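# Per-entry structural report
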Amino acid sequence: MKTVRMGAGSGYWGDLLEPAIDLAKRGELDYLGFDFLAELTMSLLQRAKRRDPGKGYIPDVVPWMQALLPITHGNGTKMVLNGGGTNCEAAAEQVLRVARDADLTRLRVAAVTGDDLTSRIDEFRQAGVTLANMETGERSIDEIADRIVSAHAYIGSEGIVEALGGGAEVVIGGRLADSSVYVGPLMHEFGWSFEDADWDLLGAAITVAHVIECAGICCGGMSSQWKNVHEPWNMGFPIADFRQDGTAEISKLPDTGGLINQWTIKEHLLYETHNPTDYRMPDGIADLTTTRLEETGPDRVRLSDMSGRERPEMLKVQIGYTDGWIGEARVLLPWPDTMAKADRCEEIIRKRLDIVGVTPRELRFDRVGVDALAGPLARRPRRDPEEIELRVTARVASREEAAAVNREVTHVSTIGPVGTAFGPPVKPREVIALWPTLVPRDMVPTNVLFEEI
Amino acid sequence: MMTTLNELAYTRSGDKGDISNIGIMAFGPAEYEALRTWVTPERLRSFFAGVVLGPIEVYELPRIQSLQVVLHDALGGGATQTLRFDETGKSMAALMSRMEIPTALLTNGVTG
């Protein structure tokens, strides 16, 4: 039975590089996939592109391709990545430049575009698409319309299938759904189409893609199993052997760190998936509740009985818009009287902000070591801690106000309790808030652009 | 007698926007039954009072003896605008693991 072997080379922008190199060299892979994008990333990249039209892709793409392309070009592993960010064409050019610099020949790269809706908001509005916020239910996008930085649809596998069908060795897209980086190659290899789809097989593909798309995070990274995870510093990234019958085995290379067992796969099946019978992706809807897991060997788990339903008619779109600034500063308070010192510092900062006329729309005081993570659920310590970091954050309207918050926190080290330690200042940061919404998929056609040397 | 969820299951949390989700993976069938009975949206509402401001859903995955908890308006606006140090709510799972659960639910469990 035909099996397609895929490795996960990256789960986020900034992930480890060595496991991807190891997979490319020793994995005997058909495909190496890369997810580089988080919810905020597209907005950051859009801004980078505005400052420099040649930018806007994930900068890591260049060093990653420098390290990987000479290996994969030699052994036939194809790579699919969403590192194009907001500028796939430029990213594809960079990939070709890397290939030329490495004296590689006969290499075809495809850029998949169509996800960028930033300049199309009015068009959707005029077509009667409400663009209501699917998380908050707010309907009127007009309130944020003049502050929109970016709008990107999570697009599915169509472009990847076309690119692979056209002989691309590297497929680079923008806001390709994380799962599509793996579903696309499976559709291409098994000859699946959306017109005549077996939605259970697509559900299986989405489920398996979900398990491996965060790379090391299904292999003992970020894991409840952390005490038993072998050499996390040599983390091995996951491999999925996906069989034509819709079953798969997850494993990793021998002599790598990490851990794969029923728990690491369960925790990833549940990771950020919400309603498990309705895991919606552009390529289909997976029902995660039918999946059966079986440990079939050391660091090896088999997934079977996966299922799914027809893909949704609407695509998710993430709109980023500017929404004020955050000012942040911190001081470190030593024993004795640590709790009382923190209370006094908070009082001083609140009074000072009043005096200088800064009224944050939200102001937060964390006593790091006491309640920064647990908030109202924190148990008040019975004895004064050795030290407390008082972390102050404020949501304000402008960069100037954010800087003022920073300044007033610094003042407590000179007007507040003895021993108050201050470190290097934290820079004010602009907030890009997110507005998730839906658009009809037929209004988001994808394009594939081939380039080769 | 009460025990803590930490004694019955592993937990891990993630985020999407202002929604935090917590996967709860029971150690075995008895633990799963106890958790399924006890971890309800109503109990979670009072447990996460002051932290979670929106609706709460609990989903069952019996084949992997796990629960999926979905908490809306839980992360101070979401990773890109929250004032929380833990912008993505990775530590929400640790809070969940402190929940107290009656041990009687385990001893009376149907499949223990």
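Residues numbered from 1 in each chain as written. Chains lettered and ligands numbered in written order. Predicted model: local features only at pLDDT ≥ 70, side-chain atom pairs only at ≥ 80, totals over all residues. Heavy atoms only, no water.

Chain B carries the name AtuA-like ferredoxin-fold domain-containing protein in an unreviewed UniProt entry, which gives Prauserella muralis as its organism.

Going by an unreviewed UniProt entry, chain A carries the name Acyclic terpene utilisation N-terminal domain-containing protein and comes from Prauserella muralis.

## Structural notes on the overall build of chain B
Rules: Comment: elements are numbered from the N terminus, with helices defined as DSSP H or I runs of at least four residues and strands as E runs of at least two. The globule rule used here is 2.2 Å times the number of residues to the 0.38 power, and the radius of gyration it is set against is calculated over C-alpha atoms. When accessible area is computed with a 1.4 Å probe and restricted to protein chains, residues below 20% of their type maximum are described as buried, those above 50% as exposed, and intermediate ones as partly exposed. Each accessible area is a Shrake-Rupley estimate made with a 1.4 Å probe; only the visible protein chains count as cover when residues are assessed.
Helix and strand counts for chain B come out as four helices and six strands. The C-alpha atoms of chain B give a radius of gyration of 14 Å, which matches the 13 Å a tight globule of 112 residues would have. Referenced to the eigenvectors of the C-alpha coordinate spread, the extents of chain B come out at roughly 45 × 25 × 20 Å. Residues counted as buried form 55% of the 112 residues belonging to chain B. With the model as given, the accessible surface of chain B reaches about 4,300 Å², and the carbon-plus-sulfur share is 54%.

## Brief notes about the layout of surface pockets
Note the following rule: For each structure, a 1 Å grid was placed over the protein atoms alone; sets of points admitting a 1.4 Å probe that cannot get out are labelled cavities, open sets with protein on both sides within 12 Å along at least five of seven lines are labelled pockets, and lining residues have an atom within 4 Å of a point. Grid points are joined across faces, edges and corners, and a volume is the space filled by probe spheres set on the points.
Reported here for the second largest pocket is a volume of approximately 410 Å³. Lining of the second largest pocket is provided by 19 residues; of these, A:S223, A:S224, A:W226, B:Y10 and B:T11 occupy positions nearest its centre. Mapped by element, the contributors of at least two residues to the lining of the second largest pocket are strand 2 (9–16) and helix 3 (92–96) of chain B. A per-element tally of the lining of the second largest pocket places strand 2 of chain B first, with five residues.

## Some words on empty space enclosed by the protein
Residues and elements named next belong to chain A. Filter applied, for reference: Where each domain starts and ends follows an automatic or database-derived domain assignment.
A full pass over the atoms with the stated rule returns one cavity of 30 Å³ or more. Empty space within the largest cavity amounts to approximately 50 Å³. Looking at the largest cavity, the residues that line it are A38, E39, M42, S43, S150, H152, Y154, R175, Q318, I319, G320 and L434. For the lining of the largest cavity, the element with the most residues is strand 14 (residues 314–334), which contributes three residues. Viewed by domain, the lining of the largest cavity spans two of them, domain 1 (3–115 + 154–312) and domain 2 (319–435), each represented by three or more residues.

## Quick word on the interface of chain B and chain A
Many analyses report the size of an interface as the accessible area lost when the parts associate. To keep it simple, the criterion reads: In what follows, a contact means two residues having at least one pair of non-hydrogen atoms within 4.5 Å. Summed over both partners, the accessible area lost on bringing two parts together, with a 1.4 Å probe, is the buried area. A carboxyl oxygen of Asp or Glu within 4 Å of a side-chain nitrogen of Lys or Arg is what we treat as a salt bridge. Pairing of N or O atoms within 3.5 Å defines a polar contact, subject to two protein rules: one partner must be a possible hydrogen donor and the other a possible acceptor, and residues neighboring in sequence count only if both atoms are side-chain atoms. Note on residue categories: nonpolar means Ala, Val, Leu, Ile, Met, Phe, Trp, Tyr, Cys or Pro, charged means Asp, Glu, Lys or Arg, and polar means any other residue, Gly included.
At the junction of the two partners, chain B supplies 42 residues and chain A supplies 51 residues. Interface of chain B and chain A: buried area, both sides summed, is about 3,900 Å²; carbon and sulfur atoms make up 58% of it. If you look at where chain B meets chain A, you find two salt bridges. The partner of A:D305 in a salt bridge is B:R63, and the shortest N-O contact between them spans 3.7 Å. Across the contact surface, chain B and chain A share 21 residue pairs in polar contact (both at pLDDT 80 or more). Among the residues forming the side of chain B that touches chain A, the class breakdown is 18 nonpolar, 13 polar and eleven charged.

## So, the UniProt feature "domain: Acyclic terpene utilisation N-terminal" (unreviewed entry) in chain A
Formally: UniProt positions are given in the numbering used here, feature names are shortened, and annotations may be inferred rather than shown by experiment.
The sites that UniProt annotates as "domain: Acyclic terpene utilisation N-terminal" (unreviewed entry) are residues 4–448 of chain A. For residues 4–448 of chain A, the helix share is 29%, the strand share is 26%, and the end-to-end C-alpha distance is 23 Å.

## Notes on the pairing of strand 5 (residues 148–153) of chain A
Residue and element names in this part refer to chain A. For clarity, the threshold we go by: At least two DSSP bridges between two strands are needed for those strands to be called paired.
Most of strand 5 is tucked away, with six of its six residues classed as buried. For strand 5 and strand 14, the ladder comprises five bridges, and the chain directions are antiparallel. Bridge assignment links A151 to a residue of strand 14, and that residue is I319.

## Some points on the side chain of A:Q318
Residues and elements named next belong to chain A. On the secondary structure map, Q318 appears in strand 14. Classification of Q318 as buried rests on a relative accessible area of 7%. A polar side-chain atom of Q318 sits 3.3 Å from a polar atom in the side chain of E39. The residues touching Q318, leaving out its near neighbours within four places in the chain, are E39, S150, A151, H152, Y154, L434, W435 and P436.

## Looking at the environment of A:E93
Residues and elements named next belong to chain A. As for its position among the elements, E93 is in helix 4 (residues 88–101). For E93, a relative accessible area of 36% gives the class partly exposed. Linking E93 and E451, residues 358 residues apart in sequence, is a C-alpha distance of 8.2 Å.

## A few points about the packing of helix 8 (residues 199–212) of chain A against helix 9 (residues 262–269) of chain A
Residues and elements named next belong to chain A. What counts, and what does not: In this description, a line fitted to the C-alpha atoms serves as the axis of each element, helices being fitted only across the stretch in contact, and the angle between N-to-C directions of two axes falls anywhere from 0 to 180 degrees. Should an angle fall under 35 degrees it is taken as roughly parallel, and over 145 as roughly antiparallel, whereas 65 to 115 is taken as roughly perpendicular and any remaining angle as oblique.
Two elements in contact, helix 8 and helix 9, have axes separated by 9 Å at closest approach and are oriented at 110°. Here helix 8 is positioned roughly perpendicular relative to helix 9, judged by the angle of their axes. Of the residues in helix 9, those touching helix 8 at T207, H210 and V211 are I265, H268 and L269. Partitioned by chemical class, the residues of the contact of helix 8 with helix 9 number three nonpolar, three polar and no charged.

## Quick notes on the sheet that holds strand 9 (residues 279–281) of chain A
All names here are of chain A. Taken in spatial order, the three strands line up as 9-10-13 in an open sheet, and their pairing is antiparallel. One side of each edge strand has no neighbouring strand; the edge strands of this open sheet are strand 9 and strand 13 (307–309). Averaged over all pairs of adjacent strands, the angle between their axes in this sheet comes to 30°, without regard to strand direction. Relative to strand 10 (residues 284–287), strand 9 runs antiparallel, the two sharing three bridges. The partner of M281 across the bridge, within strand 10, is G284.

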